[in-house]
Amino acid sequence: MTDTHHEEHAEVAGLVLAAGGGRRLGGRPKALLEHRGRPLVEHAVGVLRAAGCRRIHVVLGARADEVRARAELSGCVLVDNPGWAEGMGSSLRAGLDSLGGTGARAALVSLVDQPGIGAAAAARVLDAHEDEKSLVSAAYAGVRGHPVLFGSAHWAGIARTATGDRGARAYLREHESELRLVECADVAEPYDIDTEADLRHLE
């Protein structure tokens, strides 16, 4: 990997959406679920770090104080989303907003409840970054998933359309012709930890 390549990646910030309250998990915040002996949010940060993100912002919401106390998140910028109960859209808006003025030209966005998606998939999406107009998504057997990379030229448009639990879905549909899909099914499993039954995926 050339130095120039490293410089390009330095402009991509990692963004972990970790604010959810785990409504279908009896109100257990997903950020605090244990995976390999540590809170899930810590695992998610580690994945983006291993993929090559130097700057990482983490959006917190449900029981944010407890997450701060229990998870080792040093070196991360912690972003509070008081409107976390409105859904993922509000967390995405808060996260992108927090990146304004940092010099980041793109955000690599991951969800805290997808531990089956590791550094290999995140690095593939990161490698597809070119400039602030980049729009890249991991795909699993051709189906769009996470992580997703948003060049900064798209942030304002995404923030305008990110409502409820839809996140950037509407925006990505409108800009499908610009979206580059990077196949990751051979290196990751895109399951979510949403219900009690899904907890079997945690190690």
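Residues numbered from 1 in each chain as written. Predicted model: local features only at pLDDT ≥ 70, side-chain atom pairs only at ≥ 80, totals over all residues. Heavy atoms only, no water.

**Observations concerning the environment of Ala119**
Stage number 1. With respect to the element layout, Ala119 can be found in helix 5 (residues 119–127).
Stage number 2. Sequence-wise, Ala119 and Leu78 are 41 residues apart; in three dimensions their C-alpha atoms are separated by 21 Å.
Stage number 3. Not counting chain neighbours up to four residues away, the residues in contact with Ala119 comprise Val47, Ala50 and Ala51. (Helix = DSSP H or I, 4+ residues; strand = E, 2+ residues; numbered from the N terminus. Contact = heavy atoms within 4.5 Å.)

**Notes on the state of the cysteines**
The term disulfide refers to a covalent linkage connecting the sulfur atoms of a pair of cysteines.
Stage number 1. Here the structure, examined in full by the defined rule, presents zero disulfides.
Stage number 2. A disulfide-free cysteine, Cys53 has its sulfur positioned 11 Å from the sulfur of Cys76, the nearest such atom.
Stage number 3. As a non-bridged cysteine, Cys184 has Cys53 as the owner of its nearest cysteine sulfur, 14 Å distant.
Stage number 4. The exposure class assigned to Cys184 is buried, which follows from its relative accessible area of 0%. (Disulfide = S-S within 2.5 Å. Buried < 20%, exposed > 50% of the residue type's maximum accessible area, 1.4 Å probe, protein only.)

**A word on the pairing of strand 1 (residues 12–18)**
Stage number 1. Along strand 1, seven of the seven residues are buried, which leaves the element largely enclosed by surrounding structure.
Stage number 2. Here strand 1 runs beside strand 6 (residues 106–111); their pairing, made up of six bridges, is parallel. The partner of Gly14 across the bridge, within strand 6, is Leu108.
Stage number 3. Judged from the five bridges that link them, strand 1 and strand 4 (residues 56–60) form a sheet pairing that is parallel. In the sheet register, Val16 faces strand 4, and the bridge partner there is Val58. (Pairing = 2+ DSSP bridges.)

**Here we look at helix 4 (residues 88–99)**
Residue pairs three or four apart in sequence face the same way in an α-helix, which turns once every 3.6 residues.
Stage number 1. Across its twelve residues, helix 4 extends 17 Å between first and last C-alpha, which sits within 8% of the 16 Å expected from 1.5 Å per residue.
Stage number 2. Turning to helix 4, its buried residues number three or more, namely Gly89, Ser90, Ser91, Leu92, Ala94, Gly95, Leu96 and Leu99.
Stage number 3. Looking at the buried residues of helix 4, the elements they touch are strand 1, strand 4, strand 5 (77–80), strand 6, strand 8 (143–151) and helix 6 (155–161).
Stage number 4. Within two residues after helix 4, Gly101 carries a phi angle of roughly 85°, on the positive side. (Expected span 1.5 Å × (residues − 1).)

**Comments concerning the confidence of the model for the protein chain**
Stage number 1. Overall, the prediction assigns the protein chain a mean pLDDT of 93, with 96% of residues at 70 or greater.
Stage number 2. Low confidence marks residues 1–6, where pLDDT is under 50. Its contacts with residues over four positions away, or in another chain, come to four contacts. (pLDDT = per-residue confidence, 0-100.)

**Side note on the sheet that holds strand 4**
Stage number 1. Taken together, seven strands build an open sheet; the order of strands is 5-4-1-6-8-7-9 and the sheet is mixed. Among the strands making up the open sheet, the edge pair consists of strand 5 and strand 9 (180–183). Across the sheet, the mean angle from the axis of one strand to that of its neighbour is 25°, orientation sign disregarded.
Stage number 2. Strands strand 1, strand 4, strand 5, strand 6 and strand 8 of the sheet are contacted by helix 4, whose axis makes an angle of about 150° with strand 1. (Axes fitted to C-alpha atoms, helices over the stretch in contact; angles between N-to-C directions.)

**Overview of unusual backbone geometry**
Stage number 1. The omega torsion of the bond from His146 to Pro147 falls at 0°, within 30 degrees of zero and hence cis.
Stage number 2. Of note, Pro147 is situated in strand 8.

**Quick word on the environment of Gly157**
Stage number 1. Inspection of the secondary structure assignment puts Gly157 in helix 6.
Stage number 2. The class of Gly157 is buried, set by a relative accessible area of 9%.
Stage number 3. The spacing of Gly157 and Gly167 is ten residues in sequence and 12 Å in space, taken between C-alpha atoms.

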